[in-house]
Amino acid sequence: MLELARMDGLAAQAQSLEQSPLSVRGMTVSYGQKPAVFSVDMTVVEGSMTAIIGPNGAGKSTLLKAALGVIKPLAGRAMVHGKPLNGQRHRIAYVPQRASVDWDFPTRVIDVVLMGLYRELGLLRRIKVVHMNKAMACLDRVGMSDFADRQIGQLSGGQQQRVFLARALAQGADLYLLDEPFAGVDAATEKAIIDVLKGLKAAGKTVVAVHHDLATVRDYFDRVFLINTRKVAEGPVETTFTAENLNLAYGGRLAMAQIDQLELAAG
């Protein structure tokens, strides 16, 4: 009976991994001697909005980049719907941190968004009216259609972030990964971005974002993944975004007053 139960459990786990838009197993990344991420497992639930949260230096962005193959892990792997990452990248749209982008590169806003249509354009990059219309529609969704011919480096930080989100929308992906999409943006941009992300969720897409503002987690997300080099907790916001788990993730660096405030907001 115990063996049957164990086999049923393994079968259920395998099915969960196969259905997950992104599953990470045993991910370890090191910069020098100290691991930035150590033996982390994560299972993203399809159709959810998940926040990856933790203190500075906890490995949030590193985990996302390793899952994407942007940086090479020491150990572990990422699977997309139960299949290896290679061959499934077209199902993923990635919005990097603004700080990691060279904004001096001379390109127009519309050209940045058209990059999201690379699979349709092919190697010859023959841009047709249908492609321009798609790109403009994506810019319109983020409130940036009036800036299509502007140089990307001339935009404000919030506007640049909207343009990169429009590029991700142009890909028509199933899974959207964003690295601190609200960092350094104005309130209007933050609202525009979260409205678009919630619209993606309503359409059955999956969203995962590295997030730093604990006060907005409950309003913006339905699932959380807490990390501090190692995985701390993972699950629905209601049961996982707790004072106990926050203390474990932040190692006592989170002020008790802030925790009390978050618990009060939770009701």
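The present account deals with the structure reproduced in this document. Since this is a predicted model, take the numbers as computed values, not measurements. (Residues numbered from 1 in each chain as written. Predicted model: local features only at pLDDT ≥ 70, side-chain atom pairs only at ≥ 80, totals over all residues. Heavy atoms only, no water.)

What follows concerns the side chain of Gln88. One can find Gln88 in the loop between β5 (83-84) and β6 (92-95). Gln88 has contacts with Val80 and Lys83, leaving out every residue within four places of it along the chain. (Helix = DSSP H or I, 4+ residues; strand = E, 2+ residues; numbered from the N terminus. Contact = heavy atoms within 4.5 Å.)

This next bit is on the sheet that holds β6. Read from one edge to the other, the open sheet built from 6 strands follows the order β6-β7-β8-β3-β9-β10, with strand pairing classed as mixed. Strands at the two margins of the open sheet, each flanked by one partner only, are β6 and β10 (230-236). On average, each strand axis in the sheet is inclined to that of its neighbour by 15°, with strand direction left out of account. Of the strand pairs in this sheet, strand β3 (residues 49-53) and strand β8 (residues 206-210) are connected by 4 bridges, and their pairing is parallel. (Pairing = 2+ DSSP bridges. Axes fitted to C-alpha atoms, helices over the stretch in contact; angles between N-to-C directions.)

Below, the discussion takes up the pairing of strand β7 (residues 175-179). Most of β7 sits inside the fold, with 5 of its 5 residues counted as buried. Neither face of β7 is exposed, since Leu175, Leu177 and Asp179 on one face and Tyr176 and Leu178 on the opposite face are all buried. Pairing of β6 with β7 involves 4 bridges; the strand directions are parallel. Following the sheet pairing, Ile92 is matched in β7 by Leu175. Sheet topology places β7 next to β8; 5 bridges connect them, and they run parallel. Note that in β8 the partner of Tyr176 across the bridge is Val207. This β-α-β element, β7 to helix α7 (residues 187-202) to β8, shows right-handed connectivity. (Buried < 20%, exposed > 50% of the residue type's maximum accessible area, 1.4 Å probe, protein only. Right-handed = clockwise from strand over helix to strand, strands pointing away.)

This part takes up the pattern of salt bridges. Under the definition given, this model contains 7 salt bridges. Between Asp111 and Arg108 there is a salt bridge whose closest N-O contact spans 3.1 Å. Overall, the relative accessible area of 22% leaves Asp111 in the partly exposed class. Note that Asp174 is salt-bridged to Lys205, the shortest N-O span being 3.9 Å. Placement of the pair is Asp174 in the loop between α6 (157-171) and β7 and Lys205 in the loop between α7 and β8, with a sequence separation of 31 residues. Connected through salt bridges with shared partners, the residues Arg91, Asp174 and Lys205 form a single ionic network. (Salt bridge = Lys/Arg side-chain N within 4 Å of Asp/Glu carboxyl O.)

Following the criterion strictly, the structure yields 2 aromatic pairs and no others. Ring geometry for Phe182 and Tyr220: centres 5.4 Å apart, planes at 50°, overall tilted. Placement of Phe182 in the loop between β7 and α7 and of Tyr220 in helix α8 (residues 217-220) is noted, with a sequence separation of 38 residues between them. The pair Phe182 / Tyr220 is uniform in exposure class, with both members buried. Taken together, Phe182, Tyr220 and Phe221 form an aromatic cluster joined through their ring pairs. (Phe/Tyr/Trp six-rings, centres within 6.5 Å; stacked < 30°, edge-to-face > 60°.)

Another point: helix α10 (residues 243-250). Along α10, the residues that are buried comprise Ala243, Asn245, Leu246, Ala249 and Tyr250. Projected onto a plane normal to the axis of α10, the buried residues spread over an arc of 160° and lie on a single side. Exposed residues lying more than 90 degrees from the buried face of α10 are Glu244 and Leu248. Of the residues trailing α10, Gly251 is marked for its positive phi of about 60°. (Arc of directions from axis to C-beta.)

Another aspect to go through is the nonpolar core. Of all hydrophobic cores here, the largest spans 52 residues; its most connected members are Ile53, Tyr176 and Leu197. Broken down by element, the residue count for this core peaks at 7 residues, all from α6. Discounting chain neighbours no more than four positions away, the residues touching Tyr176 are Ala93, Ala168, Leu169, Leu200, Lys205, Thr206, Val207 and Val208. Leu22, Ile52, Ala67 and Leu175 belong to the second-largest nonpolar core, a separate cluster that totals 26 residues. (Core = buried A, V, L, I, M, F, W, Y, C linked by side-chain atoms within 4.5 Å.)

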